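The residues making up each chain are set out below.
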Amino acid sequence: MLVRRYNPMSMLSSSTSLFTPFSRQFLGCPLPIFTQSLQPHILPSLLCTVPRDFTLRFYSNSAQSSNTDTPDELHHQLSNSKQSPLKPGLYIVGTPIGNLEDITLRALRVLKSADVILSEDTRHSGKLLHYYNIKTPLLSYHKFNESQRAQMVLRKLQDGEIVALISDAGTPGISDPGMELAKLCVEKNILVVPIPGPSAVVTALSASGLPTNEFSFVGFLPKHNSSRRERLILSANESATQIFFIPPHKLSQFLEEAAAIFGENRQCVMAREMTKVHEEFWRGTISEAKEAFLAHQPKGEITFLIEGKSISIDESPSESQLENELRELISEGHSLSMAVKLVASGKLMKRKAIYSLALRKFGGQLESEDE
């Protein structure tokens, strides 16, 4: 596309046209085709003698086409993917995690075209729809009514409606409602279409400075102390970067438990209020994090990342070390098989060997359990 900005009065005395007539078939075509209509002797001189109040801008599409394609065919190729009517089905739509501009054009088209939009909080999502002047009806769909709504939504889909699912922020189904509905649709052979968009997990990881080649998304930790400790022990023994969602009022508790299980020297990153006005990335060790956030409790959504464990090839714990770890876990109420699983995670020894040791040392105290 060629855009001109000029002073009309300064052009009245000019009898030379900058452009030759061109057919309507060139409208909307990529730059190489459009510029074929320019007089060949005009364009070079134009670029060399552009007046002060003249702006020349070029925009080209990166899609490559063969020289045999006609303008109409090129226009169809460029617009077909984004202009074709939506098929009936469930559309999983990623929405901004903070900044309302972080939404795709495709997501906006789907939200405008849908028959109904399922959202966690209709008041919260209503702000996004109002910002983009989207009039599609909203229907609440959250963890408290997910099971009751499922059958009603399923009937709408079976009747051929287009249903868009969004969460308060980010991608639905990732620590948000949507997983069960998507599973149900797949079982019923109903079309499920992902509309990629923002995700706090990937956003935080990309800017964390921690290894991104391998990571584990843990999400929100269990509320029960024993289950939460089990999950943290498994994470602490993994070599991949670990990613957690932490409510701000539970950050201090999390850091205390993480320091005891991961060790105080493990590197970590706290990403807070990402894409919002008060976005913050804090980096340091777990020990430094404890000190930094002891005095004040940060506000907003927190994504917490901890570097993976560095495992030495020669690392081979002694039998006494294994026995001590097993004894501690069993004394906390873990079953023999769970204690073996937790001790074996992150170690080079086979679980069978550790299980054999556990039976030998603690078999008299506990009933044997099949692995």
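Further up the page is the structure itself.
The shown structure was predicted, so the numbers you read here are calculated from the model rather than taken from an experiment.

A. Broad picture of a nonpolar patch on the surface. Judged by side-chain polarity, Ile-174, Phe-215 and Phe-217 come together as a nonpolar surface patch covering roughly 240 Å² of accessible area. Inspection of the secondary structure puts Phe-217 in strand β8 (residues 215-219).

B. Spatial organisation of the packing of helix α12 (residues 319-331) against helix α14 (residues 351-362). Relative orientation of the contacting elements α12 and α14 amounts to 70°, with a least axis distance of 10 Å. Compared by their axis directions, α12 and α14 come out roughly perpendicular. Along this stretch, α12 crosses α14, giving a crossing that reads as right-handed. Judged by residue contacts, Glu-319, Leu-322, Glu-323, Leu-326, Arg-327 and Ile-330 of α12 engage Ile-354, Leu-357, Ala-358, Arg-360, Lys-361 and Phe-362 from α14. In terms of residue class, the contact of α12 with α14 is built from seven nonpolar, no polar and five charged.

C. Local environment of helix α9 (residues 225-236). With 12 residues, α9 extends 16 Å between its outermost C-alpha atoms, agreeing within 8% with the 16 Å of an ideal straight helix rising 1.5 Å per residue. Among the residues of α9, Arg-228, Glu-230, Leu-232, Ile-233, Leu-234, Ser-235 and Ala-236 are the ones counted as buried. On the buried face of α9, the contacting elements are β8, β9 (241-246), α10 (251-262), α12 and α13 (336-344).

D. Looking closely at the packing of aromatic side chains. Under the criterion given, the structure shown has seven aromatic pairs. Consider the rings of Trp-282 and Phe-293, whose centres lie 5.5 Å apart with planes at 65°: the pair is edge-to-face. With Trp-282 in strand β11 (residues 280-285) and Phe-293 in the loop between α11 (286-292) and β12 (302-306), the pair connects residues that are 11 residues apart, well separated along the chain. Neither Trp-282 nor Phe-293 differs from the other in exposure class; each is buried. Each member of the aromatic cluster is reached from another via a ring pair, and the members are Phe-244, Phe-254, Phe-262 and Phe-304.

E. Structural view of the side chain of Glu-323. Positionally, Glu-323 belongs in helix α12. Relative accessible area serves as the criterion here: at 17%, Glu-323 is assigned to the buried category. In this structure the side chain of Glu-323 is engaged in a polar contact, spanning 2.8 Å, whose partner is the side chain of Arg-327. Excluding residues within four positions of it along the chain, Glu-323 makes contact with Leu-357, Lys-361 and Phe-362.

F. Just the pairing of strand β10 (residues 267-272), in detail. Of all six residues that make up β10, five are buried, and the element is covered over most of its length. Here β10 pairs with β11 via six bridges, running antiparallel. Within β11, the residue paired with Val-269 across the bridge is Arg-283. Where β10 meets β12, five bridges bridge the pair, whose relative direction is antiparallel. Residue pairing across strands places Arg-272 opposite Ile-302, the latter belonging to β12.

G. How the structure looks around the pattern of salt bridges. On inspection of all chains with the given rule, the structure shows 11 salt bridges. Here Asp-121 ties to Arg-123 by a salt bridge, and the two come within 3.6 Å at their closest N and O atoms. For Asp-121, a relative accessible area of 25% corresponds to the partly exposed category. Lys-156 is the salt-bridge partner of Glu-161, the closest N and O atoms lying 4.0 Å from each other.

About the criteria used
Residues numbered from 1 in each chain as written. Predicted model: local features only at pLDDT ≥ 70, side-chain atom pairs only at ≥ 80, totals over all residues. Heavy atoms only, no water. Patch = residues over 30% accessible without salt bridge, like charges linked within 9 Å, V, L, I, M, F, W, Y side chains within 5 Å. Areas by Shrake-Rupley, 256 points an atom, 1.4 Å probe, with all protein chains shown as cover. Salt bridge = Lys/Arg side-chain N within 4 Å of Asp/Glu carboxyl O. Helix = DSSP H or I, 4+ residues; strand = E, 2+ residues; numbered from the N terminus. Axes fitted to C-alpha atoms, helices over the stretch in contact; angles between N-to-C directions. Parallel < 35°, antiparallel > 145°, perpendicular 65-115°, else oblique. Left-handed = near helix turned anticlockwise from the far one by under 90°. Contact = heavy atoms within 4.5 Å. Nonpolar A, V, L, I, M, F, W, Y, C, P; charged D, E, K, R; others polar. Expected span 1.5 Å × (residues − 1). Buried < 20%, exposed > 50% of the residue type's maximum accessible area, 1.4 Å probe, protein only. Phe/Tyr/Trp six-rings, centres within 6.5 Å; stacked < 30°, edge-to-face > 60°. Polar contact = N/O pair within 3.5 Å; in protein donor to acceptor, adjacent residues only side chain to side chain. Pairing = 2+ DSSP bridges.

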